[in-house]
Amino acid sequence: MNLTPGNNDFSEAIENDRTHVWHHLSQHKRYETSDPMVVIEGKGMRVWDARGREFLDAVSGGVWTVNVGYGRETIADAVREQLVRLNYFANTAGNVPGAQFAGKLIGKMPGLSRVYLSNSGSEANEKAYKIVRQIAHNKYGGKKHKILYRERDYHGTTITALSSTGQIQRKGQYGPFTPGFVEVPHCLEYRSQYGDCADYGEKAARAIEDVILREGPDTVGAIVLEPITAGGGVITPPEGYWPTVQEICRKYDILLHIDEVVCGVGRTGKWFGYQHYDIQPDIVTMAKGVASGYAAISCTVTTEDVFNEFKSDPADPMSYFRDISTFGGCAAGPAAALENMRIIEDENLLENTTAMGGYLLDRLHMLKERHELIGDVRGKGLFCGVELVKDRASKEPVDESTAQAIVADCMSNGVIIGATNRSFDVYNNTLCLSPALICTKDDLDAIVDAIDNALARVSA
Ligand SMILES: Cc1ncc(COP(=O)(O)O)c(C=O)c1O
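Residues numbered from 1 in each chain as written. Predicted model: local features only at pLDDT ≥ 70, side-chain atom pairs only at ≥ 80, totals over all residues.

### Concerning the overall build of the protein
Moving on, step 1. Counting secondary structure elements, the protein contains 14 helices and 16 strands.
Moving on, step 2. A globule of 460 residues ought to have a C-alpha radius of gyration of about 23 Å, and the protein, at 22 Å, matches this closely.
Moving on, step 3. Taken along the three principal axes of its C-alpha coordinates, the protein extends 65 × 60 × 45 Å.
Moving on, step 4. When the 460 residues of the protein are sorted by exposure, 48% land in the buried category.
Moving on, step 5. Counting contacts in the protein only where the partners sit at least 6 residues apart, residues at least 24 apart contribute 71% of the total. (Helix = DSSP H or I, 4+ residues; strand = E, 2+ residues; numbered from the N terminus. Rg over C-alpha atoms; globule rule 2.2 N^0.38 Å. Buried ≥ 20, exposed ≤ 12 C-beta atoms within 10 Å, placed from the backbone. Contact = placed C-beta atoms within 7 Å.)

Here it is, written out as structure tokens:
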């Protein structure tokens with residue numbers, strides 16, 4: 001950390017933060033008696049706060065975002081160069097980094113061809129829902145307008161994104177919600193609703209078909225799914241799940257929308273999470289890791305078939321996508337995203353993610369042998385979850401306070417981990433890990449050792 005004279009007194013910033021900043025996902029009463037954390041610098045896998053404390057960040061900026069790590073000067077340079085040349089023009093026109101990034105991105109996504117730029121994961125999903133709704137109106141007389149979403153998945157914070165979110169506590173007190181969103185069951189094998197069976201994945205997918213038949217296939221336009229559920233507990237899909245989901249979508253002419261806001265751009269060891277499962281989505285949304293948090297950018301990517309629905313009748317004044325996102329025209333986003341992708345390619349970060357992800361999963365499985373509190377370990381690439389239970393036989397989840405005590409213990413020992421929080425009535429019991437794609441075995445050892453020690457202390 002570069003603490004030069006004159007820039008190491010952050011007491012005013014802390015006081016302004018305490019007095020004027022409304023933090024996300026935070027109950028503020030505690031800041032009347034303690035300082036809020038103010039983060040001042042980051043380098044690689046580490047951040048420093050205003051009190052000079054150093055942390056190893058196992059969650060890439062708290063919410064699985066800073067995929068290429070902190071302090072990337074080449075991204076800052078690319079953004080600066082772009083800003084002084086052209087900072088902004090509405091995306092009714094193109095800009096050079098936007099066009100180049102779209103081309104490069106599509107090169108990683110066979111079968112998809114169009115990129116719509118906006119600012120956040122929630123917004124990218126809202127665009128997808130508007131696309132589905134407009135197709136329903138233009139092609140199906142408004143009937144095929146329903147959008148299915150899955151229990152435990154999260155798709156964002158706006159009212160309609162929340163309407164498609166399967167997390168009861170995240171939604172609580174924010175209704176009434178947008179009509180036309182219908183929940184399907186989750187696919188977490190550890191919490192199997194279908195008993196102990198060899199074809200759990202197929203059964204979980206068939207549960208989606210049951211909902212489609214109940215609602216009427218001619219009313220369902222799309223289904224939105226996370227490839228691996230993130231904030232809902234790092235739920236990796238069971239064997240056989242995805243091919244059956246794809247088959248069901250094709251059978252009933254339902255668009256498959258994959259939400260890659262967390263899994264996208266390398267997190268699981270491939271460019272996109274869905275690419276592990278040999279499926280062909282119609283719409284893919286992404287945000288967080290697209291520019292690793294160096295600029296705000298999100299994308300709604302579609303097939304040419306979906307895109308063509310919006311240009312078929314130029315004589316009809318309503319027949320195109322009548323949507324705009326002002327800051328979708330900020331050129332800094334795609335400039336940062338292009339450089340972010342170059343780094344991932346040139347530093348072989350997908351390969352590192354696969355190798356280090358395997359190492360992390362192995363170490364977590366070893367931890368499970370040492371701690372009764374661990375009921376299940378799941379993950380793909382540098383994206384892992386550790387589900388905590390009071391009792392392995394009954395699988396009764398620990399209280400949220402236990403998971404939070406482990407997070408707090410790691411934090412006080414200089415390691416930032418995450419946990420499902422205020423999402424469910426009972427399942428806020430999964431520790432979440434998503435270190436940057438640059439991490440080393442030493443980093444992962446330090447992370448797992450911190451969890452090991454925390455588990456020992458909390459269960460003592
Ligand atoms: C899977 C998923 N989709 C969408 C979102 C919403 O993204 P944002 O917070 O950028 O609106 C999130 C945020 O955590 C997410 O995890």
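So, next bit.
### Re the packing of helix α8 (residues 200-215) against helix α9 (residues 241-251)
Moving on, step 1. Across the interface, α8 lies against α9 with an axial gap of 7 Å and an inter-helix angle of 25°. Classed by the angle they form, the pair α8 and α9 counts as roughly parallel. Helix-helix and strand crossings are classified by hand; for α8 and α9 the assignment is right-handed. Between α8 and α9, the residues in contact are Gly201, Glu202, Ala204, Ala205, Arg206, Ile208, Glu209 and Ile212 and Tyr241, Thr244, Val245 and Ile248, respectively.
Moving on, step 2. Partitioning the contact of α8 with α9 into residue classes produces seven nonpolar, two polar and three charged. (Axes fitted to C-alpha atoms, helices over the stretch in contact; angles between N-to-C directions. Parallel < 35°, antiparallel > 145°, perpendicular 65-115°, else oblique. Left-handed = near helix turned anticlockwise from the far one by under 90°. Nonpolar A, V, L, I, M, F, W, Y, C, P; charged D, E, K, R; others polar.)

### Focus: the pairing of strand β10 (residues 298-302)
Looking along a regular strand, one sees the side chains alternate between the two faces of the sheet.
Moving on, step 1. Most of β10 is tucked away, with five of its five residues classed as buried.
Moving on, step 2. Side chains of β10 alternate between two faces, with Ser298, Thr300 and Thr302 and Cys299 and Val301 buried alike.
Moving on, step 3. The pairing of strand β4 (residues 114-118) with β10 spans five bridges and is classified as antiparallel. Of the residues in β10, the one forming a bridge with Ser118 is Ser298.
Moving on, step 4. Here four bridges tie strand β9 (residues 283-286) to β10, and the two strands are oriented antiparallel to one another. The partner of Ile283 across the bridge, within β10, is Thr302. (Pairing = 2+ DSSP bridges.)

### A word on the sheet that holds strand β1 (residues 39-43)
Moving on, step 1. Strands sit in the order β1-β2-β3-β14 across an open sheet of four strands; the sheet is mixed. Of all the strands in the sheet, just β1 and β14 (415-416) have a single pairing partner and so form its edges.

### Regarding the environment of Arg133
Moving on, step 1. Here Arg133 lies in helix α5 (residues 121-140).
Moving on, step 2. The exposure class assigned to Arg133 is partly exposed, which follows from the 18 C-beta atoms found within 10 Å.
Moving on, step 3. Placed 82 residues apart in sequence, Arg133 and Glu215 show a C-alpha to C-alpha distance of 16 Å.

### Structural notes on α5
Moving on, step 1. An ideal rise of 1.5 Å per residue puts 28 Å on 20 residues; α5 measures up with 28 Å between its terminal C-alpha atoms.
Moving on, step 2. Backbone geometry just downstream of α5 places Gly141 in the positive-phi region, at approximately 60°. (Expected span 1.5 Å × (residues − 1).)

### Considering the nonpolar core
Moving on, step 1. In terms of nonpolar packing, the biggest core is built from 120 residues, with Ala336, Ile417, Leu431 and Ile451 touching the most fellow members.
Moving on, step 2. The element contributing the most residues to this core is helix α11 (residues 332-346), with eight residues.
Moving on, step 3. Both domains that furnish three or more residues to this core are identified here as domain 1 (11-68 + 348-459) and domain 2 (74-346). (Core = buried A, V, L, I, M, F, W, Y, C linked by C-beta atoms within 7 Å. Domains from an automatic or database assignment.)

### Describing α8
Moving on, step 1. The end-to-end C-alpha distance of α8, which contains 16 residues, comes to 23 Å, matching closely the 22 Å that a straight helix rising 1.5 Å per residue would cover.
Moving on, step 2. Tyr200, Gly201, Lys203, Ala204, Ala205, Ile208 and Ile212 are the residues of α8 that are buried.
Moving on, step 3. In this structure, the buried side of α8 is in contact with β5 (146-150), β6 (181-184), β7 (220-225) and α9.

### As for the domain arrangement of the protein
Moving on, step 1. When its domains are assigned, the protein resolves into domain 1 (11-68 + 348-459) and domain 2 (74-346).
Moving on, step 2. Placing a centre on the C-alpha atoms of domain 1 and another on those of domain 2 gives a separation of 26 Å.
Moving on, step 3. Listed as interface residues are 32 residues of domain 1 and, on the opposing side, 29 residues of domain 2.
Moving on, step 4. Mapped by element, the contributors of at least two residues to the side of domain 1 that touches domain 2 are α2 (60-64), α12 (349-370), β11 (374-379), β12 (384-391) and β16 (430-433).
Moving on, step 5. Among the residues forming the side of domain 1 that touches domain 2, the class breakdown is 13 nonpolar, 13 polar and six charged.

### Some remarks on the site of the ligand
Moving on, step 1. With respect to spatial proximity, 16 residues lie near the ligand, and among them Ser120, Gly121, Ser122, Gly156 and Val261 are the closest.
Moving on, step 2. If you tally residues by element for the shell around the ligand, the top one is α5, at three residues.
Moving on, step 3. Of the residues belonging to the shell around the ligand, the class tally is six nonpolar, eight polar and two charged. (Near = placed C-beta within 6 Å.)

### A word on the environment of Trp242
Moving on, step 1. Residue placement: Trp242 occurs in helix α9.
Moving on, step 2. Residue classification places Trp242 among the buried positions, given that 22 C-beta atoms sit within 10 Å.
Moving on, step 3. Placed 155 residues apart in sequence, Trp242 and Pro397 show a C-alpha to C-alpha distance of 27 Å.
Moving on, step 4. Trp242 has contacts with Pro237, Tyr277 and Ile279, leaving out every residue within four places of it along the chain.

### Looking at the packing of helix α4 (residues 96-107) against α11
Two quantities define a packed helix pair, namely the angle between the helix axes and the distance between the axes.
Moving on, step 1. For the pair α4 and α11, the least separation of the axes is 8 Å and the interaxial angle reads 40°. As for how α4 packs across α11, the hand of that crossing is left-handed. Only Pro334, Ala335, Ala337, Leu338 and Met341 of α11 make contact with α4, whose side of the interface consists of Pro97, Gly98, Gln100, Phe101 and Lys104.
Moving on, step 2. Residue composition of the contact of α4 with α11, by class: seven nonpolar, two polar and one charged.

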